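Results of the structural survey
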Amino acid sequence: MANEIRLDNLPRTVALEHDGEGRACFSYIDQRKLPEVLAFERTGQWRQVVDAIKTLAVRGAPVIGIAGAAALALWACNEGASRACSHGCDPAASRFLEELEAVVDEIVAARPTAVNLEWAVRRAAHRARALADEGAFPDEVADALFADAQRMEAEDEAVNRAIGAHGAQLVGPGSRLLTHCNAGSLATAFYGTALGVVYAAAERGLVERVYADETRPVGQGARLTAWELSRAGVPCTLICDNMAASLMAAGRVDAVLVGADRIAANGDTANKIGTYGVAVLARHHGIPFYVAAPTSTIDFSLADGSGIPIEERDPSEVLPYPLAGVDVWNPAFDVTPASLITAIVTERGVFAPGELR
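Residues numbered from 1 in each chain as written. Predicted model: local features only at pLDDT ≥ 70, side-chain atom pairs only at ≥ 80, totals over all residues. Heavy atoms only, no water.

By the element assignment, Asp261 lies in the loop between strand 7 (255-258) and strand 8 (262-264). The sequence separation of Asp261 and Ala183 amounts to 78 residues, and the corresponding C-alpha distance is 9.7 Å. (Helix = DSSP H or I, 4+ residues; strand = E, 2+ residues; numbered from the N terminus.)

This is the structure we're talking about:
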């Protein structure tokens, strides 16, 4: 019997819109404040969006791509077009395009590991250059960037729902699923990738329980995944990261479902730090390990995971009070080898890691 999943309890994560004065503005959930407070921020400043990405107020590979495209649209609509036109608004708008390139580079540099950010921003920039080459004025380009960013929001939800539908076919009746970090609705415009599979499977009555790894050091599993599943009505048990092995040994995990920030051509996958360890445990215990991600997360320019840039974050996330003589290593991601991945679920179907091309 299908479960009643309350997706209407999940808020939309981001939205690009116009304010009452016609200026572009971007709304987003400040995920740093969850689960205590569901707080929405609203800004017309593109650099504030970049800061939100850097500080994890907006986080999750798909949604930071959307936020990056929105930041570019904010710059174009609220600053770039008017400044270019004040210096003579010729169709070529060379000044506009020069400034755009600098803005693109700054946005893309906000977080290096998740390829979706660069993919979305460079897609938008390509559109801007093409329109300018066709003779569009800066304000026309700005309007197009705004529309494209809004379109990415809708595309993302459609992609996530397709991932969910494909992935649900891998889930058997009464499944107990383990996930690491947050690859849910909060990590996307809406619905989620790994949790999108959970939601689709739960609606078919296939999910008995989800075990959510706490996900140190900043607790995306504890603060975000558990919050999401609770609101959606999916049975959830929160565990500390060092409990997954015992849970698997007890025969209480039927499959592992995680998201991804970048997937190399051979299927090696970067995800939140600790994912690699979970994959090793799953292989030892004979548990299938699935990665769910949109095709925009696949980086075919990298032959394998050794080329994926790994972001290192502030030591204070691990050690709030520095100790003399104590160094901190705080990588935000690790790379799971393709050999440990059972299948990769995309909006185009389910593939063995070596079949992505």
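Moving on, we get to the sheet that holds strand 13 (residues 343-346). Judged by pairing direction, the sheet is mixed, and its seven strands sit side by side in the order 6-5-4-7-10-13-14 without closing on themselves. Two strands lie at the open edges of the sheet, namely strand 6 (236-239) and strand 14 (349-351), each paired on one side alone. Averaged over all neighbouring strand pairs, the angle between strand axes comes to 25°, with direction disregarded. Both strand 4 (residues 175-179) and strand 5 (residues 207-213) contribute to a ladder of five bridges, which runs parallel. Counted as the bridge partner of Arg176 is Arg209 from strand 5. Across the sheet, helix 7 (residues 220-232) lies against strand 4, strand 5 and strand 6, angled at about 160° from strand 5, the strand it touches most. Those strands touched by helix 9 (residues 275-284) are strand 4, strand 5, strand 7 and strand 10 (289-292), and its axis lies near 145° from that of strand 10. (Pairing = 2+ DSSP bridges. Axes fitted to C-alpha atoms, helices over the stretch in contact; angles between N-to-C directions. Contact = heavy atoms within 4.5 Å.)

Below, the discussion takes up the pattern of salt bridges. Going through the model one piece at a time under the given rule, you end up with 19 salt bridges. For the salt bridge of Glu101 with Arg129, the shortest nitrogen-to-oxygen distance reads 2.6 Å. One end of the pair, Glu101, is in helix 3 (residues 94-108); the other, Arg129, is in helix 4 (residues 115-133), and 28 residues separate them in sequence. Here Asp148 ties to Arg127 by a salt bridge, and the two come within 3.4 Å at their closest N and O atoms. One end of the pair, Asp148, is in helix 5 (residues 138-168); the other, Arg127, is in helix 4, and 21 residues separate them in sequence. Classification of Arg127 as partly exposed rests on a relative accessible area of 37%. Because the salt bridges share partners, they merge into one network encompassing Arg111, Glu311, Arg313 and Glu317. (Salt bridge = Lys/Arg side-chain N within 4 Å of Asp/Glu carboxyl O. Buried < 20%, exposed > 50% of the residue type's maximum accessible area, 1.4 Å probe, protein only.)

Per the counting criterion, the structure on display carries two cavities of 30 Å³ or more. Taken as a whole, the largest cavity spans an internal volume of roughly 210 Å³. Residue lining of the largest cavity: 23 residues in total, with Arg59, Gly60, Ala61, Asn182 and Asp261 positioned closest to the centre. If you list the elements that add at least two residues to the lining of the largest cavity, you get helix 2 (61-85) and strand 9 (269-272). (1 Å grid on protein atoms, 1.4 Å probe; cavity = no way out; pocket = protein on both sides within 12 Å on 5 of 7 lines; lining within 4 Å. Points joined across faces, edges and corners; volume = space filled by probe spheres on them.)

So, about the side chain of Asp261. Of the side chains with opposite charge, Arg111 comes closest to the buried, unpaired Asp261, at an N-O distance of 5.8 Å. Look past the residues within four positions of Asp261 in its chain and what remains in contact with it is Ala61, Thr113, Ala114, Val115, Asn116, Ala270, Asn271, Lys272, Thr297 and Phe333. (Lys, Arg positive; Asp, Glu negative; His and termini not counted.)

What follows is about the sheet that holds strand 3 (residues 40-43). Taking strand neighbours across the sheet as the criterion, the three strands line up as 1-2-3 in an open arrangement whose pairing is antiparallel. Two strands close off the open sheet at either side, each with one partner strand: strand 1 (14-18) and strand 3. With direction set aside, neighbouring strand axes in the sheet form an average angle of 20°. Looking at chain direction, strand 2 (residues 24-29) and strand 3 are connected through four bridges and run antiparallel. Across the sheet, residue Ser27 finds its bridge partner in strand 3, namely Arg42. Of the strands in this sheet, strand 1 and strand 2 are in contact with helix 5, which crosses strand 1 at around 150°.

Another point: the packing of aromatic side chains. By the definition in use, this model includes three aromatic pairs. For the ring pair Tyr191 and Tyr199, a centre distance of 6.0 Å and an interplane angle of 65° mean the geometry is edge-to-face. For the pair Tyr191 and Tyr199, a shared accessibility class is recorded, and that class is buried. Above the ring of Phe333, the side-chain terminus of Lys272 is found at 4.7 Å from the ring centroid. (Phe/Tyr/Trp six-rings, centres within 6.5 Å; stacked < 30°, edge-to-face > 60°. Lys NZ or Arg CZ within 6 Å of the ring centre and 35° of its normal.)

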